[in-house]
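Structure at a glance
Read off the chains here:
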Amino acid sequence: MSRDARWKSLLELLVERGRLDVEDAAAELGVSAATIRRDFDQLAEQQMLVRTRGGAVVHGVSYELPLRYKTARNASEKQRIAKAVAELLTPGEAVGLTGGTTTTEVARALAVRPELSSGSPTLTIVTNALNIANELAVRPQFKIVLTGGVARAQSYELIGPLADGVLSQITLDTAVLGVVGLDVVHGASAHDEAEAAINRLLCERAERVVVAADASKLGHRAFARICDAEQVDVLVTDASADRAELERFEEAGVQVVAV
């Protein structure tokens, strides 16, 4: 197992359990305890966990696994959601894309849509996500507008007041949001308040707001509010979502697409 694969597995286990012992982690990953100790030490240096006697605990009470270390949780669901979101968009639109694993899949789904494959720009993509801009910038069918801001290492997103200058000067047809939580009462939310602020600006500049979220995000909330549920026009989620939960969104005026 490569170091990156080990780190992904260790961080994912740590998020799920809150605490890991060296011996238990070594047994689960099939490597030596010395290797796990070294991994824990290196991850602690990057402030991605806190070392304890004989193991490690999550870094703080509001731990967020950095995007580059997230494994493909619910990968097939996210790909189905992404394909459904991509099909909602029509040539000529100006589309805002926030950062996140699901919105990254939306960008990839857009890249392979045959009707968007002409040489001239068929979509204008406005994003604060460096990884999404990097993937789409080489494709001539997209005009890429990247907001200003300071890069946030956990999500590859640009945040801060520098983005306001760009977003205040544009209008969007559709904003596609990736969220940490979406709840009928508490609305859409993210871990980081600066990230949520940029996402909120994208919503305010758009005629239509689409949330792309797998079922694990529904009925949950995170620290920073993005927008109320009533401001969401369309929710695209997977078919395993709780039917009663989806009905609550529909009662709030949200169009639900479950794939």
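Further up the page is the structure itself.
As a starting point, this report considers the structure included with it. (Residues numbered from 1 in each chain as written. Predicted model: local features only at pLDDT ≥ 70, side-chain atom pairs only at ≥ 80, totals over all residues. Heavy atoms only, no water.)

**Focus on helix 3 (residues 33-45)**
Stated precisely, the cut-off is as follows: Where helices and strands are cited, they refer to DSSP runs of H or I of at least four residues and of E of at least two residues respectively, numbered from the N terminus. Under the convention used throughout, the expected extent of a helix is 1.5 Å for every residue step, that is, one less than its residue count. Partly exposed describes any residue whose relative accessible area lies between the buried limit of under 20% and the exposed limit of over 50%, with all areas from a 1.4 Å probe on protein chains only and scaled to the type maximum. What the arc describes is the spread of directions from the helix axis to the C-beta atoms.
Taking 1.5 Å of rise per residue, 13 residues should cover 18 Å, and helix 3 covers 18 Å from first to last C-alpha, within 8% of that figure. Within helix 3 the residues assigned to the buried category are Ala33, Thr35, Ile36, Asp39, Phe40 and Leu43. For helix 3, the buried positions fall inside an angular range of 155° around the axis, keeping them on one side. Looking one or two places after helix 3, you find Gln47, whose phi comes out positive at around 60°.

**Description of the pattern of salt bridges**
Going by this rule: By salt bridge we mean one thing: a side-chain nitrogen of Lys or Arg within 4 Å of a carboxyl oxygen of Asp or Glu.
If you walk through the whole model with that rule in mind, you get 14 salt bridges. Arg152 is the partner of Asp192 in a salt bridge, and the nearest nitrogen-oxygen pair spans 3.6 Å. Of the two residues, Asp192 is situated in the loop between strand 11 (187-190) and helix 8 (193-204) and Arg152 in strand 7 (residues 150-152); the sequence distance between them amounts to 40 residues. Residue class for Asp192 comes out buried when judged on its relative accessible area of 14%. The exposure class assigned to Arg152 is buried, which follows from its relative accessible area of 11%.

**Quick word on the nonpolar core**
Here is the rule we go by: Residue types Ala, Val, Leu, Ile, Met, Phe, Trp, Tyr and Cys, when buried and joined through side-chain atoms within 4.5 Å, form a set referred to as a nonpolar core. Any two residues whose heavy atoms approach within 4.5 Å at even a single point are treated as in contact.
In this structure, Val85, Leu97, Leu110, Ile125 and Val176 are the most contacted members of the largest nonpolar core, which totals 25 residues. Mapped onto this core, the elements with two or more residues apiece are helix 4 (75-88), strand 4 (94-97), helix 5 (101-111), strand 5 (123-127), helix 6 (130-136), strand 12 (206-212) and strand 14 (234-237). Leaving out residues up to four positions away in the same chain, Val176 has contacts with Val85, Val95, Gly96, Leu97, Thr98, Thr103, Val106, Val210 and Ala212. Within the second largest apolar cluster, 22 residues are counted, among which are Ala188, Ala190, Leu235 and Val254.

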